[in-house]
Amino acid sequence: MWKKLRTHPVLLGSLLPILLVAVWEIMSRAGIIPAYQLPAPSAILSTILAYVQDGSLQDHILLTVYRLFVGFVIGTIAAILLGTLVGYSELAERIFDPLMQAFRSIPSLAWVPLFILWMGIGESSKVTLIAVGVFFPVYLNIVDGIRGVDRKLIEVGRMYGLDGVALVRRIILPASLPSFLTGLRSGLGLGWMFVVAAEIMGASQGLGYLLILGQNTYAPDVIIASIFLFALLGKLTDWVLKLIQKRSLHWQDTALAK
Amino acid sequence: MTVRVQSLGRCFGEKQVLQGVDFSVGQGEIVSLLGTSGCGKSTVLRALAGLDKEYEGSITIELGQRIGFIFQEPRLLPWKTVLANTTFGLKGDKRLNEEKARRYLELVGLKEAEKLYPRELSGGMAQRVAIARALVTEPDILLLDEPFSALDAFTKMQLQELLLKIWGEIRTTIVLVTHDIDEALYLSDRVLLLQGKPSTLAKDLKIALSRPRSRGSASLGKWKEDLLNLLEGKDTAYDYSLVTEVGQKA
Ligand SMILES: Nc1ncnc2c1ncn2[C@@H]1O[C@H](COP(=O)(O)OP(=O)(O)OP(=O)(O)O)[C@@H](O)[C@H]1O
Ligand SMILES: [Mg+2]
């Protein structure tokens, strides 16, 4: 029994969380932790269930995921276009990179007031904010990836008569795919951060709105429920990307590849 | 002349590696470049291939000649299978290309390996894939940089025969860099010897032996002795009757 526990990674890793939740539940019930600050796990679970039953949780989740998705796609496409150009052409690098570096040093949340001023607090300002957040990690990783492509492989391409777009498509992009996927994953992580920020700045629906709702109605169970859901969804989407990464990089000869 | 090289030189920073190298290669000729490690053989080949443009002097290659290059390392694309690596240089119909690539993979003894990825290959297997990838495009000029040095003696012999067979069929012009004197003597019409600091073309030797040659023959042995003496810098021992000096037409 102990041996099985020790060798099974999921079992071993879930030991501590289960213990913590149990202690938390007991302490809440015993009244050691006041419920108006930190309700018991069972209370939070029933809050979630209540939202599920009246059908509103699904709507909140869908809207949040939808915003994230649109912003993620826009940010990624922009990053691919600009990143490929800057990574490949030295001229483009000299033109764009200083500007990009300058923009990068602006903490992205500082854009919020400007976006609201320009676009109001509707969907477009939210999506723009998320796209900006996703853009930079993806962009930087693409540029790095392309810069890091082995010169020897590029020479192989040249020997077989490739240049320009064909060289990018057949050698440079596949060779920089690992770095691109790393960028996507960190972009997604930032995307989740920015979707929270975007929804906090004013929304009438979405998980971020639930956070604010919980704050305004003194309902810590709602806040913790949406924090939990953010964590769950974040992990889930990252897992999907990780799976894609593993699938498309199976050719890699790295210590982790099996 | 298919390839003409005139007073080729190359500097890396302060270091002059090559100086005043002159030679030409005729259509269908097999020419070996011989010299000690680090003397600039790969540098000559890279300049010929157009991969290095910062040389001095001039290189002229007859118009419309397609060049194939086998690098000193395999340089396979790690995201492609052996088969896809082999068809990399081919254009047109995918199925025909794959059929052709399979034929060449069989010729280099890798029929079973077509689905493997480069990380699953041994060094010699990878090099053989690289050889197949270059041969399958049937180039007019084939530049080879120590293509067989990672292989065992037997496989090496087989591939040398394969090279000669393809040469016999399509009369590819071949420039071969090698460390292996036996290989140079067995394969080439001429052996170019790079020597000195910076390297210059010390000798341009015509190997006036008919093909097929026998590997163990006395005349090849004589040649080998002469070449070894030359490499050691002993000019005296070698047999001038067998040799055409630099610049002279063979
Ligand atoms: N990109 C480079 N930058 C600086 N020096 C270089 C570069 N390429 C080659 N050299 C130098 O040029 C010289 C010749 O190199 P080259 O690769 O042509 O040697 P080689 O004759 O092919 O040797 P080997 O038989 O070991 O392959 C070496 O001294 C090397 O240090
Ligand atoms: Mg070399």
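All of the points below concern the structure found in this document.

On to the coordination of the magnesium ion (ligand 2), then. Reference values for coordination geometry: four tetrahedral donors around a metal ideally subtend 109.5 degrees, six octahedral donors ideally subtend 90 or 180 degrees. All names here are of chain B. Distances from the magnesium ion (ligand 2) to its protein donors, Ser42 (OG) and Gln72 (OE1), fall at 2.0 to 2.4 Å. Within this pair, whereas Ser42 is found in helix H1 (residues 41–49), its partner Gln72 is found in the loop between strand E5 (67–70) and helix H2 (82–86), the two being separated by 30 residues in sequence. Taking relative accessible area as the criterion, Ser42 reaches 22% and is therefore assigned partly exposed.

This paragraph deals with the site of ligand 1. Residues and elements named next belong to chain B. Close contacts around ligand 1 come from 13 residues, with Ser37, Gly38, Lys41, Ser42 and Thr43 the closest. Contacts to ligand 1 include Lys15, whose side-chain N or O atom sits 3.0 Å from an oxygen atom. Considered on its own, ligand 1 offers 630 Å² of accessible surface; in the complex 62% of this is hidden by protein. Among the elements of the structure, strand E2 (15–25) and H1 are those that each provide at least two residues to the shell around ligand 1. Of the residues forming the shell around ligand 1, the biggest block, 3 residues, is contributed by H1. Its residues placed into classes, the shell around ligand 1 shows 3 nonpolar, 7 polar and 3 charged.

What links the strands of a sheet is backbone hydrogen bonding, and the strands pair in either a parallel or an antiparallel sense. Residue and element names in this part refer to chain B. In spatial order, the strands read E2-E1-E4; together these 3 strands make up an open sheet with antiparallel pairing. Each end of this open sheet is capped by a strand with a single partner; those strands are E2 and strand E4 (56–61). With strand direction ignored, the average angle separating the axes of adjacent strands in the sheet is 20°. Relative to E2, strand E1 (residues 3–12) is paired through 7 bridges, and the arrangement is antiparallel. Bridging from a neighbouring strand, Cys11 pairs with Gln16 of E2. In the packing of H1 onto the sheet, the strands contacted are E1, E2 and E4, and the crossing angle to E1 comes to about 120°.

All names here are of chain B. With respect to topology, 6 strands assemble into an open sheet ordered E5-E6-E7-E3-E8-E9, the strand pairing being mixed. In the strand order of this sheet, the two ends are held by E5 and strand E9 (200–206), each with one partner. Going from strand to strand, the sheet's axes swing by 15° on average, the running direction of each strand aside. Pairing geometry for strand E3 (residues 30–34) and strand E7 (residues 173–178), over 5 bridges, is parallel. In the strand pairing of E7, Leu33 is matched with Val177. In this fold H1 packs onto E3, E5, strand E6 (141–145), E7 and strand E8 (190–195), with an angle of close to 155° to the strand it touches most, E6.

Residues and elements named next belong to chain B. With an omega dihedral of -10°, the bond running from Lys197 to Pro198 counts as a cis peptide bond. Locating Pro198 in the fold gives a position in the loop between E8 and E9. The residue Ser7 is not glycine, and still its phi comes out positive at about 35°.

Attention shifts here to the packing of helix H9 (residues 164–200) of chain A against helix H11 (residues 220–248) of chain A. All names here are of chain A. Where H9 meets H11, the closest approach of the two axes is 10 Å, and the angle between their N-to-C directions is 165°. Compared by their axis directions, H9 and H11 come out roughly antiparallel. With respect to the hand of their crossing, H9 and H11 are arranged in right-handed fashion. Here H9 contributes Leu177, Leu181, Thr182, Leu184, Arg185, Leu188, Trp192, Val195, Val196 and Glu199 to the contact with H11, which in turn contributes Phe230, Leu233, Gly234, Thr237, Asp238, Leu241, Lys242, Gln245 and Ser248. Here the residues of the contact of H9 with H11 sort into 10 nonpolar, 5 polar and 4 charged.

Buried accessible area, meaning the area lost when the parts come together, often serves as the stated size of an interface. In this complex, chain A contributes 18 residues to the contact, which on the side of chain B involves 19 residues. The junction of chain A with chain B conceals about 1900 Å² of combined surface from both sides, 65% of it contributed by carbon and sulfur atoms. Ranking the residues of chain A by area buried against chain B places Met159(A), Tyr160(A) and Trp251(A) at the top, with a combined share of 41%. Inspection of the region where chain A meets chain B yields 3 salt bridges. Run the count over chain A and chain B and you get 7 residue pairs in polar contact (both at pLDDT 80 or more). Those elements that provide at least two residues to the side of chain A that touches chain B are helix H8 (151–159) and H9 of chain A.

Turning next to the packing of helix H3 (residues 41–53) of chain A against helix H4 (residues 56–88) of chain A. Angle between the axes and distance between the axes are the two parameters that describe a pair of packed helices. Residues and elements named next belong to chain A. Put simply, H3 and H4 touch, their axes get as near as 5 Å, and they point 90° apart. The pairing of H3 with H4 is recorded here as roughly perpendicular in orientation. For the pair H3 and H4, the contacting residues are Ile48, Tyr51 and Val52 in the first and Ser56, Leu57 and Gln58 in the second. Of the residues that constitute the contact of H3 with H4, the class distribution is 4 nonpolar, 2 polar and no charged.

What follows concerns the side chain of Ser199(B). Residues and elements named next belong to chain B. Here Ser199 shows up in the loop between E8 and E9. At 2.6 Å, the side chain of Ser199 forms a polar contact with the backbone oxygen of Cys39. Apart from the residues within four sequence positions on either side, Ser199 is in contact with Val17, Leu18, Gln19, Val21 and Cys39.

Calculation criteria
- Numbers given for residues are sequential positions, taken from 1 along each chain in its written order.
- Chains carry letters from A onward and ligands carry numbers from 1 onward, assigned in written order.
- Restriction of local features to residues with pLDDT of at least 70 applies here, the model being predicted, together with a cutoff of 80 or more for giving and counting side-chain atom pairs; totals for whole chains, interfaces and linings are based on all residues.
- As a convention, hydrogens and water are excluded, and side-chain values are obtained from all of the structure's heavy atoms.
- The rule for donors is simple: an N, O or S atom within 2.8 Å of the metal counts, and for Na, K and Ca the reach is 3.2 Å. Water is not among the atoms, so a site may look short of donors.
- Strands here are runs of E lasting at least two residues and helices are runs of H or I lasting at least four, both read from the DSSP assignment and numbered beginning at the N terminus.
- Residue exposure (1.4 Å probe, protein chains only): buried if accessible area is under 20% of the type maximum, exposed if over 50%, otherwise partly exposed.
- Residues are labelled near a given molecule or strand when at least one of their non-hydrogen atoms is within 4 Å of it.
- In the analysis that follows, any N or O atom pair within 3.5 Å is treated as a polar contact, provided that within protein one partner can donate a hydrogen and the other can accept it, and provided that, for residues neighboring in sequence, both atoms belong to side chains.
- Accessible areas in this description were obtained via Shrake-Rupley with a 1.4 Å probe; residue shielding takes into account the shown protein chains only.
- All amino acids are sorted into three groups, where Ala, Val, Leu, Ile, Met, Phe, Trp, Tyr, Cys and Pro are nonpolar, Asp, Glu, Lys and Arg are charged, and the leftover types, Gly among them, are polar.
- The criterion for strand pairing is that DSSP finds at least two bridges linking the strands in question.
- Comment: axis = line fitted to C-alpha atoms, over the contacting stretch for helices; angle = value between 0 and 180 degrees taken between N-to-C directions.
- By the convention used here, residues are in contact when the closest approach between their heavy atoms is within 4.5 Å.
- Working definition: roughly parallel below 35 degrees, roughly antiparallel above 145 degrees, roughly perpendicular at 65 to 115 degrees, and oblique for all remaining angles.
- Definitions for this section: a left-handed crossing has its near helix turned counterclockwise from the far helix by less than a right angle. A right-handed crossing has that turn clockwise.
- Once two parts are joined, some of their accessible surface, as seen by a 1.4 Å probe, is lost; buried area is that loss totalled over both.
- By definition here, a salt bridge exists when the distance from a side-chain nitrogen of Lys or Arg to a carboxyl oxygen of Asp or Glu is within 4 Å.

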